[in-house]
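Breakdown of the fold
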Amino acid sequence: MLEIPEAATLARQARDTLVGREIVSAVAGSSPHGFAFYTGDPSTYGPRLTGQRITGATSSAGYLELATDDWNLAFFDGARVRLVDAGAARPAKHQLLCELDDGRALVTTVQMYAGILLLPDPEWDDDPYYDAARTAPSPLTGAFTVAHLRALAAEARPALSAKALLATEQRIPGLGNGCLQDVLFTAGVHPRRKVRTLDDADLVRLHRAVVDVLTAMTDGGGRDTERDLFDRPGGYATLLSAKTLERPCPVCGSGIVRTAYLGGNVYFCPVCQPE
């Protein structure tokens, strides 16, 4: 899933390799997927993108955005965007395929669910998720302050959990269940711990963990549980994930626990992260 580190990594790689390339042909929706979301009819993507030159690449929270002469392509959630070499076989199934003028192809497939948006589109002008991604303070910048996190906690329901505070309702756009595990572990906070039990020292630790962990993940080229533009795993070694479940806690040596909570698995050390 695209979260802040992966979107930022893909945007950096796209700026280095795709800017200036022309899209010589494109097709969207050739492999129907019930949870691939487009702006309007995907059959219109090909005519609109063909002949367009890629002029820029940016990220906003968990959104990857590619600018062309006339359009903006935005990808989010389970959109897996990768570059296929000239002469290499294209995947049989894809949700967007853009052939480039250097013989390579930009291929997007959907894992679970994803958005592949061709903007501007009136339908997305007032979309709260997209707007939040572009306007909320990013943990990768100084705009994401302790005061901002304090305000989020103060506005939250007291019974809300730490996971819900950080990773739901677009309070911190681009911080999802994947990155959350290492953030909470670094802060020593249990995913189910209630917001009402967090004192100011807890919030200061949480803020520092959000900033430090997401920065390390981004600097490392994304998490090792995800893949980059060149189909390589990210260089940040996750502390708590499906890849590390069988290993002992890296701090105390206790067994790591995995359990389903709030629509996804959470991983935690019951010693280092008491509930």
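Before reading further, recall that the structure is shown in the block above.
The rules behind the values
Residues numbered from 1 in each chain as written. Predicted model: local features only at pLDDT ≥ 70, side-chain atom pairs only at ≥ 80, totals over all residues. Heavy atoms only, no water. Helix = DSSP H or I, 4+ residues; strand = E, 2+ residues; numbered from the N terminus. Rg over C-alpha atoms; globule rule 2.2 N^0.38 Å. Buried < 20%, exposed > 50% of the residue type's maximum accessible area, 1.4 Å probe, protein only. Contact = heavy atoms within 4.5 Å. Areas by Shrake-Rupley, 256 points an atom, 1.4 Å probe, with all protein chains shown as cover. Lys, Arg positive; Asp, Glu negative; His and termini not counted. Charge placed at Lys NZ, Arg CZ, Asp CG, Glu CD. Phe/Tyr/Trp six-rings, centres within 6.5 Å; stacked < 30°, edge-to-face > 60°. Axes fitted to C-alpha atoms, helices over the stretch in contact; angles between N-to-C directions. Parallel < 35°, antiparallel > 145°, perpendicular 65-115°, else oblique. Left-handed = near helix turned anticlockwise from the far one by under 90°. Nonpolar A, V, L, I, M, F, W, Y, C, P; charged D, E, K, R; others polar. Patch = residues over 30% accessible without salt bridge, like charges linked within 9 Å, V, L, I, M, F, W, Y side chains within 5 Å. Salt bridge = Lys/Arg side-chain N within 4 Å of Asp/Glu carboxyl O. Polar contact = N/O pair within 3.5 Å; in protein donor to acceptor, adjacent residues only side chain to side chain. Pairing = 2+ DSSP bridges.

Overview of the overall build of the chain
The helix and strand tally for the chain stands at 7 helices and 9 strands. In terms of C-alpha radius of gyration, the chain reaches 20 Å, essentially the compact-globule figure of 19 Å for 275 residues. Taking the principal axes of its C-alpha atoms as reference, the chain extends roughly 55 × 40 × 35 Å. When burial is assessed residue by residue, the chain has 51% of its 275 residues classed as buried. In the chain, once contacts between residues fewer than 6 apart in sequence are set aside, the share between residues at least 24 apart is 63%. Counting every atom, the chain has about 12000 Å² of accessible surface; 53% of that belongs to carbon and sulfur. Across the chain, the centroid of the 27 positively charged side chains sits 7 Å from that of the 33 negatively charged ones.

Things to note about the packing of aromatic side chains
In total, this model carries 3 aromatic pairs according to the counting rule given. Centre to centre, the rings of Tyr-38 and Tyr-45 are 5.5 Å apart; their planes meet at 90 degrees, and the pair counts as edge-to-face. With respect to burial, Tyr-38 and Tyr-45 carry one shared label: buried. Centroid distance Tyr-63 to Phe-76: 4.9 Å. Interplanar angle 35 degrees. Geometry classified as tilted. Note that Tyr-63 is positioned in strand β4 (residues 63–68) and Phe-76 in strand β5 (residues 72–84), a separation of 13 residues in sequence.

Looking at the environment of Leu-106
Along the chain, the position of Leu-106 falls in strand β7 (residues 105–119). With relative accessibility at 4%, the residue Leu-106 sits in the buried group. The spacing of Leu-106 and Gly-234 is 128 residues in sequence and 19 Å in space, taken between C-alpha atoms. Ignoring any residue separated from it by four or fewer positions in sequence, one finds Leu-106 in contact with Leu-18, Leu-66, Val-81, Arg-82, Leu-83, Leu-96, Leu-97, Cys-98 and Leu-229.

Re the packing of helix α6 (residues 177–187) against helix α7 (residues 200–219)
The contact between α6 and α7 brings their axes to 8 Å, and the two run at 135 degrees. The angle between α6 and α7 falls in the class oblique. Read as a crossing pair, α6 and α7 show a hand that is right-handed. Every residue of α7 that contacts α6 at Cys-179, Asp-182, Val-183, Leu-184, Thr-186 and Ala-187 is listed here: Arg-205, Leu-206, Ala-209, Val-210, Val-213, Leu-214 and Met-217. Counted by class, the contact of α6 with α7 contains 10 nonpolar, 1 polar and 2 charged residues.

Some points on unusual backbone geometry
With an omega of 5 degrees, the peptide bond between Leu-119 and Pro-120 qualifies as cis. Within the chain, Ala-61 stands out as a residue other than glycine whose phi angle is a positive 55 degrees. Summarising the element assignment, Ala-61 is placed in the loop between β3 (54–60) and β4. Exposure remark for Ala-61: the relative accessible area of 18% places this residue in the buried category.

Regarding a nonpolar patch on the surface
On the surface, Phe-35, Phe-37, Met-112 and Tyr-113 cluster together into a nonpolar patch covering about 450 Å² of accessible area. Positionally, Tyr-113 belongs in strand β7. Exposure remark for Tyr-113: the relative accessible area of 36% places this residue in the partly exposed category.

A look at the side chain of Asp-182
Relative to the helices and strands, Asp-182 resides in helix α6. Buried charge without a salt bridge: Asp-182, with Arg-223 as the nearest opposite-charge side chain at an N-O distance of 8.2 Å. Only 2.9 Å separates the side chain of Asp-182 from the backbone nitrogen of Leu-240, close enough to count as a polar contact. What Asp-182 contacts, discounting residues up to four positions off in sequence, is Val-213, Met-217, Tyr-236, Ala-237, Thr-238, Leu-239 and Leu-240.

Let's talk about the pairing of strand β8 (residues 257–261)
Residues in a regular strand project their side chains so that they alternate between the two faces of the sheet. Direction of pairing for β8 relative to strand β9 (residues 264–268): antiparallel, over a ladder of 5 bridges. Considered in β9, the bridge of Tyr-261 is made with Gly-264. A loop of 2 residues connects β8 with β9, the two strands running antiparallel in sequence, and Leu-262 in this loop sits at a positive phi of about 55 degrees.

Side note on the packing of helix α1 (residues 4–17) against α7
Following both chains from N to C, one finds α1 and α7 inclined at 35 degrees, their axes separated by 8 Å at the closest point. The element α1 and its partner α7 pack so that their crossing is right-handed. Facing α1, whose interface residues are Ile-4, Pro-5, Ala-8 and Thr-9, α7 presents Leu-214, Met-217 and Thr-218. When grouped by side-chain class, the residues that make up the contact of α1 with α7 number 5 nonpolar, 2 polar and no charged.

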